[in-house]
Amino acid sequence: MNTWFSELQTRNVSLGIRIEDVLWHEKTQYQELAVLQTEAYGRMLVLDGAIQTTTQDEFVYHEMITHVPLLLHPNPRRVAVIGGGDGGAIREILKQPGIEEAHLIEIDEKVMEASKRFFPEIAQGLEDDRAHVHFTDGIAWVKQARDFDVIIVDSTDPVGPAEGLFAPEFYQNIYDALSRDGIMVAQSESPFLEPDIIQRVVAGVSRSFPVTRLYLASVPTYPSGLWSFTLGSKQPLRPARRVPLETRYWTPNIQDSCFHLPRFVEDLIR
Ligand code: SAM
């Protein structure tokens, strides 16, 4: 089979990956969902033409969006993930000692259904007793949420239902939903291809949070391969706790070094 999937990442850039099979394809109430089999990246989950996760590189994103903020919190017990219906972030959160509740707030039930069926190694944490799944809009949910230690925004790009997940009011509602030492993190796109989104997220988060930091990780199937995360903290950041974790990308050194930014990224958020 010589069929190629092409993700149009900007008007001028696309990423092409040869596919071996289309395992699932449907239009859900919210988006177009596809599961593709590839030689290079294994199985790929695609929403509205954008790669969300692949079996080959998912560990980078899921480890970095969870362990970095959790280890900066003194004692995270109640954690929420907004978006993230594939379950990868929940799997990582549950590796940390002391977690009592991990809530997942996903708007589209079909994403989780696809993940459980085609990505069991990513979705495995969803069966844990500490995992609580809410199929609802994260923008509305966060307004009534309280006493969370860490909230993670594992969203799609800022279009359609995810647009409000990049708004300053949403970050203020997250602030209110967090406990005294609370920390949030949001995926904030690529510094090469979406610098304006990074600036928007950093500005929005810093309107509510006294401490705002950006960190980076390398995710080959995301636009440009270099990905950013924006962290907001209610308290000054302390040195990260040291906890033994079984990971493939995250290490104690990466916990600290991921905050050291290339100069062009520093300039972007100055
Ligand atoms: N790691 C991915 C990335 O950056 O490409 C994101 C993964 S995850 C699959 C994103 C999820 O956010 C999708 O399943 C989508 O349905 C969900 N989502 C989008 N808008 C949402 C909203 N307003 N509330 C809750 N979930 C939302």
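Residues numbered from 1 in each chain as written. Predicted model: local features only at pLDDT ≥ 70, side-chain atom pairs only at ≥ 80, totals over all residues. Heavy atoms only, no water.

Per an unreviewed UniProt entry, the protein chain carries the name Polyamine aminopropyltransferase and comes from Sulfobacillus benefaciens. The heading Catalytic activity (unreviewed entry) in the UniProt record of the protein chain holds the text "S-adenosyl 3-(methylsulfanyl)propylamine + putrescine = S-methyl-5'-thioadenosine + spermidine + H(+)". We quote the UniProt Function (unreviewed entry) comment for the protein chain here in full: "Catalyzes the irreversible transfer of a propylamine group from the amino donor S-adenosylmethioninamine (decarboxy-AdoMet) to putrescine (1,4-diaminobutane) to yield spermidine." (UniProt positions renumbered as here; feature names shortened; annotations may be inferred.)

With that out of the way, let us pick up the overall build of the protein chain. Scanning the protein chain for helices and strands turns up nine helices and twelve strands. In terms of overall dimensions, the protein chain is globule-like: its C-alpha atoms have a radius of gyration of 17 Å, near the 18 Å expected for 270 residues. Sorting the 270 residues of the protein chain into buried and exposed places 55% on the buried side. Contacts in the protein chain between residues far apart in sequence, at least 24 positions, make up 66% of those at least 6 positions apart. Between the centroid of the 25 positive side chains of the protein chain and the centroid of its 38 negative side chains there is a distance of 6 Å. (Helix = DSSP H or I, 4+ residues; strand = E, 2+ residues; numbered from the N terminus. Rg over C-alpha atoms; globule rule 2.2 N^0.38 Å. Buried < 20%, exposed > 50% of the residue type's maximum accessible area, 1.4 Å probe, protein only. Contact = heavy atoms within 4.5 Å. Lys, Arg positive; Asp, Glu negative; His and termini not counted. Charge placed at Lys NZ, Arg CZ, Asp CG, Glu CD.)

Our next topic: the environment of Val35. Here Val35 shows up in strand S3 (residues 32-38). Residue classification places Val35 among the buried positions, given a relative accessible area of 0%. In this structure the C-alpha to C-alpha distance between Val35 and Asp129, which are 94 residues apart in sequence, comes to 27 Å. With residues up to four places along the chain from it excluded, the contact list for Val35 reads Asp21, Val22, Leu23, Trp24, Met44, Leu45, Ala114, Phe118 and Phe119.

Glancing now at the UniProt feature "domain: PABS" (unreviewed entry) in the protein chain. Here, UniProt's "domain: PABS" (unreviewed entry) annotation points to residues 2-234. The straight-line gap between the two end C-alpha atoms of residues 2-234 is 51 Å; of that span, 28% is helix and 38% is strand.

Contacts to the ligand come from 25 residues, most closely from Gln31, Glu106, Asp137, Gly138 and Tyr222. Between Tyr61 and the ligand, the recorded distance is 3.4 Å, taken from a side-chain N or O atom to a nitrogen atom. Residue Ala162 places a main-chain N or O atom 3.5 Å away from a nitrogen atom belonging to the ligand. Taken together, the elements giving at least two residues each to the shell around the ligand come down to strand S5 (50-54), strand S7 (101-106) and helix H5 (138-144). When grouped by side-chain class, the residues that make up the shell around the ligand number eleven nonpolar, nine polar and five charged. (Near = heavy atom within 4 Å. Polar contact = N/O pair within 3.5 Å; in protein donor to acceptor, adjacent residues only side chain to side chain. Nonpolar A, V, L, I, M, F, W, Y, C, P; charged D, E, K, R; others polar.)

Taken domain by domain, the protein chain comprises domain 1 (3-54) and domain 2 (58-269). Here domain 1 and domain 2 have C-alpha centroids that lie 22 Å from each other. Taken residue by residue, the interface counts 24 residues in domain 1 and 23 residues in domain 2. Interface area for domain 1 against domain 2, summed over the two sides, is near 2000 Å², with a carbon-plus-sulfur share of 65%. At the junction of domain 1 and domain 2, the tally comes to one salt bridge. Note that Glu26 is salt-bridged to Lys110, the shortest N-O span being 4.0 Å. The interface formed by domain 1 and domain 2 includes five residue pairs in polar contact (both at pLDDT 80 or more). (Domains from an automatic or database assignment. Buried area = accessible area lost by both parts, 1.4 Å probe. Salt bridge = Lys/Arg side-chain N within 4 Å of Asp/Glu carboxyl O.)

This part takes up the nonpolar core. With 39 residues, the main nonpolar core has Met64, Val68, Ile90, Ile93, Ile152, Tyr215 and Phe229 as its most contacted residues. With nine residues, the single largest contributor to this core is helix H1 (residues 58-72). Ile105, Ala162, Ala186 and Ile197 belong to the second largest nonpolar core, which has 23 residues in total. (Core = buried A, V, L, I, M, F, W, Y, C linked by side-chain atoms within 4.5 Å.)

With seven of seven residues buried, strand S9 (residues 148-154) lies mostly within the body of the structure. Pairing between strand S6 (residues 78-83) and S9: five bridges, direction parallel. Note on S9: the bridge partner recorded for Val81 is Ile152. The sheet contact formed by S9 and strand S10 (residues 178-187) spans five bridges and is parallel. (Pairing = 2+ DSSP bridges.)

A word on the sheet that holds strand S8 (residues 131-135). The seven strands lie next to each other as S8-S7-S6-S9-S10-S12-S11, forming an open sheet whose pairing is mixed. Looking at the sheet topology across the chains shown, the edges are occupied by S8 and strand S11 (211-218). Strand-to-strand twist of the sheet, defined as the mean angle between neighbouring strand axes without regard to direction, takes the value 15°. Taken together, the five bridges between S6 and S7 define a ladder with parallel strand orientation. Looking at the pairing, Arg78 lines up with Glu101 of S7. Relative to the sheet, helix H6 (residues 168-177) contacts S6, S9 and S10, its axis offset from that of S10 by approximately 145°. (Axes fitted to C-alpha atoms, helices over the stretch in contact; angles between N-to-C directions.)

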